[in-house]
Structures are given as C-alpha cells and as structure tokens.
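Secondary and tertiary structure notes
The residues making up each chain are set out below.
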Amino acid sequence: MKLWGARFSKEEDKKMQEFDNSLPLGKRYYREDIEGSMVHARMLGNCGIITNEDSAAIQKGLSELLDEIETGLLIIPDTGYEDIHSFVESKLTERIGDAGKKLHTARSRNDQVALDTKLYCKKVGNQVIGELEKLQQVLRAKGEANPVIMPGYTHLQRAQAVTFKYHLNAYEEMFQRDCKRMVNSIDVLDESPLGAGALAGTTHNIDREYTSKELGFKNPQKNFMDAVSDRDYIMEMLSDFSIIMVHLSRLSEELILWCSKEFSFIQIDDAYSTGSSMMPQKKNPDAAELIRGSAGPVFGSLMSILTTMKGTPLTYVKDMQLDKIAFMPALDRVLDCIEIMRGMIDTLVVNKEMMTKSVDKGFLNATELADYLVSKGISFRDAHSIVGKIVLYCEKNKISINEVPLSEFKKYSVSIDTDLYDYIDYKNSFKKGIKKEML
Ligand code: ARG
C-alpha cells in the first residue's frame, strides 16, 4: 500500500519496489515514528487544524498499534510497504478509517524521517554511552585488583615501569572522552525538524514549539530546507563510533600481544577464545581480533555516509535513505564490541609474576638513574650520557642497573652513592615526584 500513486498511470516495476524498500532497517525506529505521529496529531488537534475527535482517534489508534508491535501481536514485515512511515499510516487507516487519513496533514515524510532518525540517534547514542560507562567500570575494577608493576613501552620497546592498573586507566580516559563526544553529538542534533514539511513548511498554523518540546528537543530547527536535508548527525555519530573503535582496537591489539607466549602477561578466558581445527594446542584470542577487525566496517560506514551525502543538492533526495545502511550495522557492531570487550576484560587473568619479572630486563629504571644524578647537581644532558655508558656496561656484562656494584658506579660518576639503589628501585620510584599520581 502506497502513500502516493494517483498521478501515476502505471504500476511501479517489481524490482524497483524492492530497490526502493527501506522497511527492513527503517522499522527499527517504529517507536520513534509512532511517538512522533502521536505528538503531531495532538498538535493538529490543539491548533484546530483537525477536530479533537479525529486527533483523539488517531492517538488512540497509534497507541494501540504501538502496543501490538511491542507485544509481538503485530509483526512489521520486511516488504509490502515502501517504508516504516507508509506501514504505520496504512495500518492506522485500516483500523480507524477516515480519521487516519488526516494524520499526514502539514507533514511530509521528509521531516518525518528526519525526526525519526534524530530521535533514534538520541536513544541509541545514550545506549552507547551507557555501555561505555559499564566498560569503564570493569576496566577500573580489573586495574584496582591488579596494581601490578609492568613494563611501559614506547615504540613497543621497554621504556619505563608502569602498573597494569595505570595502563588500563589510560583506556578508561579514552572512553571517557568518547562518552563526552557522544553527549556533544546528541546536544548538537537536539533540534526538532518536525513541521519543516517537504522543504518549505506549511500554510497551516502549526505549533512547532509544542511538538519540539513534547518530543524532548531543545527547540525546533530554524531553516525548513536544512531540517529535511542534512544527515550530519549520522556522520557525527559515525565519527564518534569510529573513534570508539580505534580505542577498542588498540586495546584489543595489546590484549593479543599480552596473551602471546612472547609476553605471557595475561590469559584471556576460554569463554572469549577459540581453538584450531588442526593444531590441538592452540587457544586463539578471536574476540580481541574480531574487535580489532571490526574497526574496518565501522570506518567504512563513516566513509559511506560522507560519500553518499557529499554531492547531493538541497533538499531531500532519496540518496539519504541509505543513511540506514551506514548507521544500523555500525551501531550494532559498536555495541557488540563494547560488550564483548567488557566480558573479556572482566574475565582475563593477570600473570603478575611475569609482568613484574619483565620489568627487570630492559633497563626500565635508566631514566630514574639520570634523575638521581640530576638530584646530585649534574645537568640532565650529562646525566643522560653517563647513564648511557652504564647501560652499555650492563649490556656487556648481562646485568641490570641495580646489580652494578657501587665501586663500578663510581667509575662513571663520583656523585653516585649507596642511596642510589633505593632511588632506582621500581617500587620506590612510584613514590617520587608526580609519579605518585600513577598509583
Ligand atoms: N523512506 C525514506 C527514507 O528512509 C523516507 C521517505 C522520504 N520521502 C520521500 N519523499 N520519499 O529516507
């Protein structure tokens, strides 16, 4: 059943109908569509554009429709209607008769679809924020349970001692900014397009302030043409998703490295690993790999909407219908990835001994030794050079810095004394200067 057709003298081509069908993904915002229509109908009644009886009948019909869909009594099909808007209006009119035909007064599917997608983005945006917050909690708890000293890296070369807790905290911070970005995106899109009509408003005296407020927006969008023709909020949210995926992917990469025999820092729980069909001993970090790989399709979605929109003239064009193909799968993937990451972090086991032991190799306290020399009045550049020579000596003799005897140290600098050993002890270094913040 179509919302148009009178001016056509020929049936739409079957393949064309399938090609144009946006129900399979559009039906995800049936709730937003129905709620938007209910408020619209109420406003039409309040403004005397339709009678209060018609308005009430429409609202009642829509609310019953919503109940039936929510309880599973009415299943929204994948075909047979052009889109979710056509489905809802057709069903409504089937049920309540002529009053249903008045719902679309002073409205176009162009402002309607923008309204639905904006409401949907607000809802799922907040859902993503909620999931990120849960992940942050798990990262914090895992860190707090494991304040283990481990090597910190630059260039993937052992650099300075850090703690596992602090390392996880870095990701917590990244996800905090991701939440902020999401909140900001929701704030930017938080204006109602309803009432913009097809592109040029309407001759009816509708109350856009009312519908905007009732639907939870800050205010109505000012320019009608803009209101129906941008999808920048989809682009922005997909950018946010992409950045979330960058962070999840980097964390995945580290988990993959850490669970390898080469590192042996952690064990990923069996629940998030899989085996090999040929090599019986294998336990693979598939969950982490799938998250790392999932950055691909999510970035792809961002590229997809940017490219789809870049050459479209104002105002609404059907290209925009493809926003769903970009947005929905990316949303699902991001939500899945956050949830799986949470489970994986929650269940992983830290190999404390291995982490702590690894700090001993790689001269991770060389910088602290230089700091010690500075504290004795030597310039940092000279200290750097002295320590470089000491490291060379250690490498030759296959010992770590703390194993160098004092007499040997003295050859490099007379300023070195027995208090040095305490100074460069990893555990003590965290008690000095701003390193205290790391604990
Ligand atoms: N199905 C369209 C979409 O998902 C909404 C309808 C747009 N309006 C129109 N005149 N075809 O974007």
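Below: a short report on this structure. (Residues numbered from 1 in each chain as written. Predicted model: local features only at pLDDT ≥ 70, side-chain atom pairs only at ≥ 80, totals over all residues. Heavy atoms only, no water.)

With an omega dihedral of 0 degrees, the bond running from leucine 314 to threonine 315 counts as a cis peptide bond. Position of threonine 315 among the secondary structure elements: in the loop between helix H11 (286-309) and helix H12 (323-347). Look at histidine 155: it is not a glycine, yet its phi comes out positive at around 55 degrees. Here histidine 155 is to be found in the loop between strand E1 (149-154) and strand E2 (157-163). Of note in the backbone geometry, lysine 398 takes a positive phi value of approximately 55 degrees without being a glycine. By the element assignment, lysine 398 lies in the loop between helix H15 (380-397) and helix H16 (406-412). Residue classification places lysine 398 among the exposed positions, given a relative accessible area of 74%. (Helix = DSSP H or I, 4+ residues; strand = E, 2+ residues; numbered from the N terminus. Buried < 20%, exposed > 50% of the residue type's maximum accessible area, 1.4 Å probe, protein only.)

Attention shifts here to the side chain of serine 212. Among the structural elements, serine 212 can be located in helix H8 (residues 208-214). For serine 212, a relative accessible area of 1% translates into the label buried. Apart from residues lying up to four places away in sequence, serine 212 is in contact with Ser192, Phe217, Lys218, Asn219 and Pro220. (Contact = heavy atoms within 4.5 Å.)

Quick look at the site of the ligand now. Every residue close to the ligand is listed here: Ser22, Asp83, His85, Arg109, Asn110, Val113, Tyr316, Lys318, Gln321 and Lys324. One of the side-chain N or O atoms of serine 22 is found 3.3 Å from a nitrogen atom in the ligand. A distance of 2.8 Å separates an oxygen atom of the ligand from a polar side-chain atom of tyrosine 316. Protein contacts shield 87% of the accessible area of the ligand, which totals 340 Å² for the unbound molecule. With three residues, the single largest contributor to the shell around the ligand is helix H6 (residues 109-145). (Near = heavy atom within 4 Å. Polar contact = N/O pair within 3.5 Å; in protein donor to acceptor, adjacent residues only side chain to side chain. Areas by Shrake-Rupley, 256 points an atom, 1.4 Å probe, with all protein chains shown as cover.)

Moving on to the packing of helix H10 (residues 232-258) against H11. In contact at an axis separation of 8 Å, H10 and H11 are set at 160 degrees when each is read in the N-to-C sense. Accordingly, the angle class assigned to the pair H10 and H11 is roughly antiparallel. Once H10 is placed against H11, the crossing between them reads as left-handed. When grouped by side-chain class, the residues that make up the contact of H10 with H11 number 17 nonpolar, six polar and three charged. (Axes fitted to C-alpha atoms, helices over the stretch in contact; angles between N-to-C directions. Parallel < 35°, antiparallel > 145°, perpendicular 65-115°, else oblique. Left-handed = near helix turned anticlockwise from the far one by under 90°. Nonpolar A, V, L, I, M, F, W, Y, C, P; charged D, E, K, R; others polar.)

A separate point is the side chain of aspartate 111. Tracing the sequence through the fold places aspartate 111 in helix H6. Nearest to the buried, unbridged aspartate 111 among oppositely charged side chains is arginine 107, at 5.5 Å. A polar side-chain atom of aspartate 111 sits 2.9 Å from the main-chain amide nitrogen of serine 108. From its side chain, aspartate 111 meets the backbone nitrogen of glycine 197 in a polar contact 3.0 Å long. (Lys, Arg positive; Asp, Glu negative; His and termini not counted. Salt bridge = Lys/Arg side-chain N within 4 Å of Asp/Glu carboxyl O.)

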